[in-house]
Amino acid sequence: MMKVINIFTLGIGAFSFNEDLKKLEKYSYKLKKKSRGRVASNQGGWQSVGTEEITKETTALILKINEAVQEYSELFKFKRRLKFSNMWININSYKDSNIPHTHPDCLISGVYYIKTSKKCGDIKFKKSSCIGYHLGSETVKEWNSLNSVSWFLPAIENTLYLFPAWVEHLVTPNYSKEDRISLSFNYTES
């Protein structure tokens, strides 16, 4: 009988919240009105300048995110408790996306969805290996976590995804006519 030994696993933390999304949406557009934003991994769209400032609009959400990060980080057996580093708002309109990237000098990163719709774009995680050179649709009859080069998770309102900051990820284009709004953030060692 075969025993399967899973190595190099990657677990994404998924949490459902019940936040006031209209308040967070209003806050996001208020920020956009005040600032030209920045270009980082975003292709089109608007991204706020990263900040360590937690505002009255984000306090309750960041407290919940902090609890989720501490729970998720237990999987990694870090020596110290992680601390909040920075956050930013993303507003992606029609065909806007984010190119593949990681979050250097951080341990845990995440995204929380404030406004989504069908076809608004998913987050895609990429496996750091040469598996793509060996496997393709002509070889594999069904994709799974052992044979996939990448994995998509849907953008769902009031959903938080946590992941290791070193995992390459991107956001697929928004093919809806409505904006997709998310809050992204990083945690580092304390």
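Residues numbered from 1 in each chain as written. Predicted model: local features only at pLDDT ≥ 70, side-chain atom pairs only at ≥ 80, totals over all residues. Heavy atoms only, no water.

**Digging into the packing of aromatic side chains**
In step 1: All told, the structure shown has nine aromatic pairs when counted by the stated rule.
In step 2: Relative to Tyr187, the ring of Phe84 lies with its centre 5.8 Å away and its plane at 80°, an arrangement referred to as edge-to-face. Linking Phe84 in strand E4 (residues 82–92) with Tyr187 in strand E11 (residues 180–189), this pair joins segments that are 103 residues apart in sequence. Both residues of the pair, Phe84 and Tyr187, belong to the buried class.
In step 3: Ring geometry for Tyr94 versus Tyr175: centroids 6.5 Å apart, planes at 75°, classification edge-to-face. Remark: Tyr175 occurs in the loop between strand E10 (169–171) and E11 and Tyr94 occurs in the loop between E4 and strand E5 (97–101); sequence separation between them is 81 residues.
In step 4: A cation over a ring is seen here: Arg38 above Trp88, with NZ or CZ 5.3 Å from the ring centre.
In step 5: Note that Lys177 overlies the ring of Tyr94, its terminal NZ or CZ placed 4.0 Å from the centroid. (Phe/Tyr/Trp six-rings, centres within 6.5 Å; stacked < 30°, edge-to-face > 60°. Helix = DSSP H or I, 4+ residues; strand = E, 2+ residues; numbered from the N terminus. Buried < 20%, exposed > 50% of the residue type's maximum accessible area, 1.4 Å probe, protein only. Lys NZ or Arg CZ within 6 Å of the ring centre and 35° of its normal.)

**Comments concerning helix H1 (residues 21–34)**
In step 1: A rise of 1.5 Å per residue sets the reference length of H1, with its 14 residues, at 20 Å; its end C-alpha atoms lie 20 Å apart and thus fit the reference within 8%.
In step 2: When we look at burial in H1, the residues that qualify are Leu21, Leu24, Glu25, Tyr27 and Ser28. All buried residues of H1 project into a common sector of 160° when viewed along the axis, lining one side. Within H1, the exposed residues directed more than 90 degrees away from the buried face are Lys22, Lys26, Lys33 and Lys34.
In step 3: On its buried face, H1 sits against strand E3 (46–47), helix H2 (59–73), E4, strand E6 (108–115) and E11.
In step 4: Between a side-chain oxygen at the N-terminus of H1 and the backbone nitrogen of Lys22 the separation is 3.3 Å; the capping residue is Asp20. (Expected span 1.5 Å × (residues − 1). Arc of directions from axis to C-beta. Contact = heavy atoms within 4.5 Å. Polar contact = N/O pair within 3.5 Å; in protein donor to acceptor, adjacent residues only side chain to side chain.)

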